[in-house]
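As a plain string of letters, each chain reads:
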Amino acid sequence: MTLTTDLPVGPAERRSAELEEQLALDPGRFRVLTGDRPTGALHLGHYFGTLHNRVRLQDLGVDVFVLIADYQVLTDRDVAERLDEYVEGLLLDYLAIGIDPARTTVFNHSAVPALNQLLLPFLSLVSVAELGRNPTVKDEIAHSRQSAVSGLMYTYPVHQAADILFCKGNLVPVGQDQLPHLEITRTVARRFNDRYGDVFPEPDALLSGAPLLLGTDATKMSKSRGNSIALGADADETARLIKGATTDADRHITYDPGSRPGVSSLVLLAALCLGRDPHEVAEEIGNSGAAGLKRTVTEAVNAAMAPIRARRAEYAKDMGHVRDVLRAGNERANAVAEATLQEVREAMGMFR
């Protein structure tokens, strides 16, 4: 069998639309795996791109697992710095946006050893050539800050397969650029089932419909580039960051992402916070120029984020409770992972 890496987006989009219809009818048949690497503060791009959708799925009644991928921090760096701080920051953000630990399982890689044991049999199911052809891995290697690529970077998609399949996740919210990673997960599940008997589902992609928010410098928003607005930022810091955002010389504000990326991303941010169409927001700002645009964006962001910031501040007063959330999630994830690993051992005929 060969692994397809150049996946057509059209069928994935159609399948995603079908899945949305099924979610509305029977959310309980789905288990979602999603997560973040603890490499810095989550920002508004994360919120509108993925975090908001996690709460939506949770509230629909889907069984959601959120992974804090602490081991995967090492894929593109030599050491995992400030890990405790970043993990606690993720937990605060999750709780603040509405993740409910009673309905969503939040856990971290390093606390669930049975999950990571799945990596070994899964690696036996894919070839080195298949890993090398993965376009997402090739892109990550090209942009890596390391002089040499570690084995963890190379096997990153198979580790993700273990993340998804340990809990028998059958639905994974992804962007189009993550489809090749998910295809490796599907390949691993299919090959394991063909070789040892049916154990794993072949998970489907739930494509994100969220529009792309650029950073304040009109390039890709990133934790490491210093061009994002963190969920934990206060109103004054938000105003300062938006004031310094890149715009252009045209005083008349329009929404045209192709030719005016900086201006359009700010318009989009305001529209998302206001729950409105970006073309209408741009039309209202009109000839008010960059100053008017930034004033509108600042007011919209601060109003939308105020309740989230307030909840975050409340949770931060009791970090013992926040850590208990992770401990409880780890306990559930461990139980699920141990059960899956036992199934794998039995299917493979391993003595125990």
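Residues numbered from 1 in each chain as written. Predicted model: local features only at pLDDT ≥ 70, side-chain atom pairs only at ≥ 80, totals over all residues. Heavy atoms only, no water.

Here the focus is the overall build of the protein. The helix and strand inventory of the protein stands at 15 helices and five strands. Taken against the 2.2 N^0.38 rule, which gives 20 Å for 352 residues, the C-alpha radius of gyration of the protein at 21 Å falls within 12% of a compact globule. Dimensions of the protein along its principal axes, counting C-alpha atoms only, are 70 × 50 × 45 Å. Of all 352 residues assigned to the protein, the portion counted as buried reaches 49%. Considering only intrachain contacts with a sequence separation of at least 6, the fraction spanning at least 24 residues in the protein is 77%. (Helix = DSSP H or I, 4+ residues; strand = E, 2+ residues; numbered from the N terminus. Rg over C-alpha atoms; globule rule 2.2 N^0.38 Å. Buried < 20%, exposed > 50% of the residue type's maximum accessible area, 1.4 Å probe, protein only. Contact = heavy atoms within 4.5 Å.)

The next point concerns the side chain of H46. Take H46: it is sitting in helix α2 (residues 44–60). The class for H46 is buried, based on a relative accessible area of 17%. When residues no more than four places from it in sequence are discounted, the contact partners of H46 are A41, L51 and K223.

What follows is about the pairing of strand β4 (residues 171–174). In this structure, β4 lies alongside strand β5 (residues 204–207), joined through four bridges in parallel fashion. Counterpart to L171 in the pairing with β5 is D204. Assessed by its sense of winding, the connection that carries the chain from β4 through helix α10 (residues 179–196) to β5 is right-handed. (Pairing = 2+ DSSP bridges. Right-handed = clockwise from strand over helix to strand, strands pointing away.)

A positive phi angle, near 55 degrees, is found at R82, a position not held by glycine. Along the chain, the position of R82 falls in the loop between β2 (63–68) and α3 (83–97). The phi dihedral of A218 falls on the positive side, at around 70 degrees, and the residue is not glycine. Structurally, A218 is set in the loop between β5 and α11 (235–243).

Relative to the assigned elements, L165 resides in helix α9 (residues 156–165). Separated by 38 residues in the primary sequence, L165 and P203 have C-alpha atoms spaced 8.3 Å apart. Those residues in contact with L165 that lie beyond four places of it in its chain are F122, T185, V188, A189, F200, P201, P203 and T340.

With respect to burial, β2 is a largely interior element, six of its six residues being buried. Residues D63, F65 and L67 of β2 are buried on one face, and the alternating residues V64, V66 and I68, pointing to the opposite face, are buried as well. On the question of chirality, the crossover connecting strand β1 (residues 31–36) to the parallel β2 by way of α2 is right-handed. Bridge analysis of β2 against strand β3 (residues 104–108) gives five bridges, and the strand direction is parallel. Pairing of F65 across the sheet is with T105, part of β3.

A separate point is the packing of α3 against helix α14 (residues 289–316). Here α3 crosses α14 at 130 degrees, and the two axes come no closer than 8 Å. One finds that α3 runs oblique with respect to α14. The two elements α3 and α14 cross, and the hand of that crossing is right-handed. Touching G89, L92, D93, L95, A96 and I97 of α3 are I308, R311, R312, Y315 and A316, all from α14. Partitioned by chemical class, the residues of the contact of α3 with α14 number seven nonpolar, one polar and three charged. (Axes fitted to C-alpha atoms, helices over the stretch in contact; angles between N-to-C directions. Parallel < 35°, antiparallel > 145°, perpendicular 65-115°, else oblique. Left-handed = near helix turned anticlockwise from the far one by under 90°. Nonpolar A, V, L, I, M, F, W, Y, C, P; charged D, E, K, R; others polar.)

Turning our eyes to something else, we now look at the confidence of the model for the protein. Mean pLDDT over the protein stands at 90; residues scoring 70 or higher make up 93%. The model gives residues 1–7 a pLDDT under 50, and that stretch makes 19 contacts with residues more than four places away or in other chains. (pLDDT = per-residue confidence, 0-100.)

In this structure the tally under the stated criterion is seven aromatic pairs. Ring centres of F65 and F107 lie 6.2 Å apart, and the angle between their planes is 75 degrees; this geometry places the pair in the edge-to-face category. In this pair, F65 is assigned in strand β2 and F107 in strand β3, connecting sequence segments 42 residues apart. Judged by its relative accessible area of 0%, F65 is buried. Each member of the aromatic cluster is reached from another via a ring pair, and the members are F122, F192, Y196 and F200. (Phe/Tyr/Trp six-rings, centres within 6.5 Å; stacked < 30°, edge-to-face > 60°.)

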